[in-house]
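# Coordinate inspection notes
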Amino acid sequence: MSGTISSSFSSIPILDYSLLVSTDEGHSKFVDQLRHALIHVGFLYLSNPPVERDVLDALVDYTPRLFDIPQEEKERIQMVNSPHFFGYTRFGAELTKGKTDQREQFDFGTPYENKWKPGDPDYLKLWGASQWPAEELIPGFQEIYLRYLDQVEQLSYEFIALLAEAFEVSAQALAPFFNGDTKPKPGLLQHRSKIIKYPARQEGESNQGVGPHFDGGFLTFLLQASDHPGLQVQNLSGQWIDAPPIPGTFVVNIGKALETVTQGLARATSHRVLSPVPGSTPRYSIPFFQFISQDICLGDFVLELKPEILKLKDSRGQVGAVDSVNYAEYGQYPSGYVTLIGRVRSHPDVAKKHYPDMFKQFFPNGLPVHGSAY
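Computed from a prediction, not measured in an experiment: that's the story for all the values here.

## Section: the side chain of Ser47
By the element assignment, Ser47 lies in strand β2 (residues 43-47). Leaving out residues up to four positions away in the same chain, Ser47 has contacts with Ile14, Leu15, Asp16, Tyr17, Gly248 and Thr249.

Structure (C-alpha cells):
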C-alpha cells in the first residue's frame, strides 16, 4: 500500500496496463498505483489499453468526417427525435454555470433494446437505440464505432475488478450495480459515448469548451482524438491542472456514482475543457461513460470498506472548494432517475417532447433558449 502522498496533485499519473500481464509484482504495482489515483486524484492516464490500435486509428480518422456530413443529415438525427437522448446537438446549445459551452456533438450508446412500457418509471425510457448517420454518407463509421464501444465496455468491466482489488473488497460486492454480474452480457446494460468537436474560438470570445462539471456513473474513458490541449482537472487546492493528450492513452476518471458508493474514498474530480486558441484547428474528443443499473438507489448500496482502507481518504487532507456541483442527487434516488434529471436539464427540448411531466417540473416558465446541467 502506498505511503504518504501529497494532499494535492500537480500532474495526472500514468498507469501502464501492460503491467497487469507481466508479473505478479507488476500486477501489484498497477493496483497500488490505481489505489493512489482513485483516492488522491480521481483521474489517470491509461497507457497500452487493450483496445485494437487499428480500431482507435480508424475512429480518430472518422471523427472530423462525422462533423462534415450535410446539415440536413445532422438535423434528421438531432437529439430531439430520441427519447433516449441520442443524436446530434448543435454548437452552443448547452450552458454550464451560466456560460455557453462552445461545442458541437453526437451522442451514441452501446446496443440496447428498450423495454419500457406504460406504467414503468420514465427513466427506463433512457436506454434504447442510437441514431446513426446514413451509411452512404460515412461508410464504415457505425461498424468501427460499435467495435470500439464493445472493446471499451469490456475494458470498463476489467477496471471494476481492479477497483475492487484496490479497495480490498470482493468483485461480487460490486455486482448489484451491474444487474448482478460485474461482467454482464452485452445488451444487459447501456453505456453512453459522445463524439465532440470544440472549434477554435474567435478573438475576444469565451474559451469555455465545456464548463466545470463532474461526470455521473462509475467510470469515464476518454479518447483525446486530436493533439490539442484543453482538458483541465481541478486539484484538491482548487487549482486547474492540464491533462494534455498523450498518444496511445485513455484518460480515465471517476464519476459521482462511484464516489457515492465508496463513501467518498474514490474521488470524482471537477474538470473542464478550454477551447482551442484563435487560429488553431478544432479539438476532438470521444468519452465513454460507464453506467450502472437504472433501478439501484446508491444510498442503499454503500460498499462496506475495511476501516484501514476507508481511513486512506484522510491522507488527502482538507479538500478545497471546487467549481462543480452537478449530480448531487446520488444517494437519494434511483440511478436512472438521477441520470434523467441531468439529461432533462441539459436538453429541455428533448424533455418537452418525450418527458412532458418532468419538463413542466423543471421548466415551469416554458422552453429556455439553452439547456443547463446546473
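## Describing the nonpolar core
Ranked by size, the top nonpolar core spans 86 residues in total, and within it Tyr148, Phe159 and Phe218 carry the most contacts. Sorting elements by how many residues they give to this core places helix α4 (residues 141-166) first, with 14 residues. If near-sequence neighbours (up to four positions away) are discounted, Phe159 is found in contact with Phe30, Leu34, Leu44, Leu46, Leu219, Phe221 and Val252.

## Some points on the packing of aromatic side chains
According to the stated counting rule, one finds 25 aromatic pairs in the structure shown. Note on Trp132 and Tyr145: the rings are 6.0 Å apart at their centroids and 85° apart in plane angle, and the pair reads as edge-to-face. Here Tyr145 lies in helix α4 and Trp132 lies in the loop between β6 (104-109) and α4, a separation of 13 residues in the sequence. You can call Tyr145 buried: its relative accessible area is 0%. Between the aromatic rings of Tyr333 and Tyr337, the centroid separation amounts to 5.2 Å while the plane-to-plane angle is 80°, which identifies the pairing as edge-to-face. Owing to a relative accessible area of 33%, Tyr333 belongs among the partly exposed residues under this scheme. The ring of Tyr112 has Lys115 sitting right over it, with the charged end atom 4.3 Å from the ring centre.

## Some details on the packing of helix α2 (residues 53-66) against α4
A pair of packed helices is characterised by two quantities: the angle between their axes and the separation of those axes. Across the interface, α2 lies against α4 with an axial gap of 9 Å and an inter-helix angle of 130°. The orientation of α2 relative to α4 falls into the category oblique. As α2 packs across α4, the resulting crossing turns out to be left-handed. Touching Asp54, Val55, Leu56, Ala58, Leu59, Tyr62 and Leu66 of α2 are Phe141, Ile144, Tyr145, Arg147, Tyr148 and Gln151, all from α4. Partitioned by chemical class, the residues of the contact of α2 with α4 number ten nonpolar, one polar and two charged.

## As for the pattern of salt bridges
Applying the stated criterion across every chain yields a total of 15 salt bridges. Across the salt bridge formed by Glu104 and Lys74, the nearest N and O atoms sit 2.8 Å from each other. Here Glu104, found in strand β6, pairs with Lys74, found in helix α3 (residues 71-76); they are 30 residues apart in sequence, far enough to count as distant. On the basis of relative accessibility, which here comes to 9%, the residue Glu104 falls in the buried class. Among the salt bridges present, the one from Lys306 reaches Glu168, with a minimum N-O distance of 3.1 Å. Pair noted here: Lys306 is in the loop between β14 (283-289) and α6 (307-310) and Glu168 is in the loop between α4 and β7 (192-198), with a separation of 138 residues, a long-range link. A residue is classified by how much of its surface remains accessible, and Lys306, at 37% relative accessible area, is partly exposed.

## Considering the side chain of Gln234
In this fold, Gln234 is placed in strand β10 (residues 231-234). One polar contact links the side chain of Gln234 to the main-chain carbonyl oxygen of Gly238, over a distance of 3.2 Å.

## Section: the pairing of β2
Where burial is concerned, most of β2 is hidden: five out of the five residues are buried. Residues Phe43, Tyr45 and Ser47 line one face of β2 and the alternating positions Leu44 and Leu46 line the opposite face, and both faces are buried. Two strands pair when backbone bridges link them, and strand β1 (residues 14-16) and β2 are joined in this way by three bridges, in the parallel orientation. Residue pairing for β2: Leu15 is matched across the bridge by Leu46. For the segment spanning β1, helix α1 (residues 24-40) and β2, crossover handedness is right-handed.

## Details of the sheet that holds β10
Strand order in the open sheet made by the four strands is β8-β13-β10-β11, with antiparallel pairing throughout. The sheet terminates laterally at β8 (208-213) and β11 (240-242), the two strands that pair on one side only. Neighbour-to-neighbour, the strand axes of this sheet turn through a mean angle of 25°, independent of strand direction. The pairing of β10 with strand β13 (residues 271-274) spans three bridges and is antiparallel. Across the sheet, Gln232 pairs through a bridge with Arg272, a residue of β13.

## Section: the sheet that holds strand β3 (residues 87-89)
Across the sheet, eight strands lie side by side as β1-β2-β12-β9-β14-β7-β6-β3; this open sheet has mixed pairing. Both edges of this open sheet fall to β1 and β3, since each of them pairs with a single strand only. Direction aside, the axes of adjacent strands within the sheet are offset by 25° on average. Where strand β9 (residues 219-224) and strand β12 (residues 249-254) come together, four bridges link them in antiparallel fashion. When the sheet's bridge partners are listed, Phe221 is paired in β12 with Val252.

Conventions adopted
Residues numbered from 1 in each chain as written. Predicted model: local features only at pLDDT ≥ 70, side-chain atom pairs only at ≥ 80, totals over all residues. Heavy atoms only, no water. Helix = DSSP H or I, 4+ residues; strand = E, 2+ residues; numbered from the N terminus. Contact = heavy atoms within 4.5 Å. Core = buried A, V, L, I, M, F, W, Y, C linked by side-chain atoms within 4.5 Å. Buried < 20%, exposed > 50% of the residue type's maximum accessible area, 1.4 Å probe, protein only. Phe/Tyr/Trp six-rings, centres within 6.5 Å; stacked < 30°, edge-to-face > 60°. Lys NZ or Arg CZ within 6 Å of the ring centre and 35° of its normal. Axes fitted to C-alpha atoms, helices over the stretch in contact; angles between N-to-C directions. Parallel < 35°, antiparallel > 145°, perpendicular 65-115°, else oblique. Left-handed = near helix turned anticlockwise from the far one by under 90°. Nonpolar A, V, L, I, M, F, W, Y, C, P; charged D, E, K, R; others polar. Salt bridge = Lys/Arg side-chain N within 4 Å of Asp/Glu carboxyl O. Polar contact = N/O pair within 3.5 Å; in protein donor to acceptor, adjacent residues only side chain to side chain. Pairing = 2+ DSSP bridges. Right-handed = clockwise from strand over helix to strand, strands pointing away.

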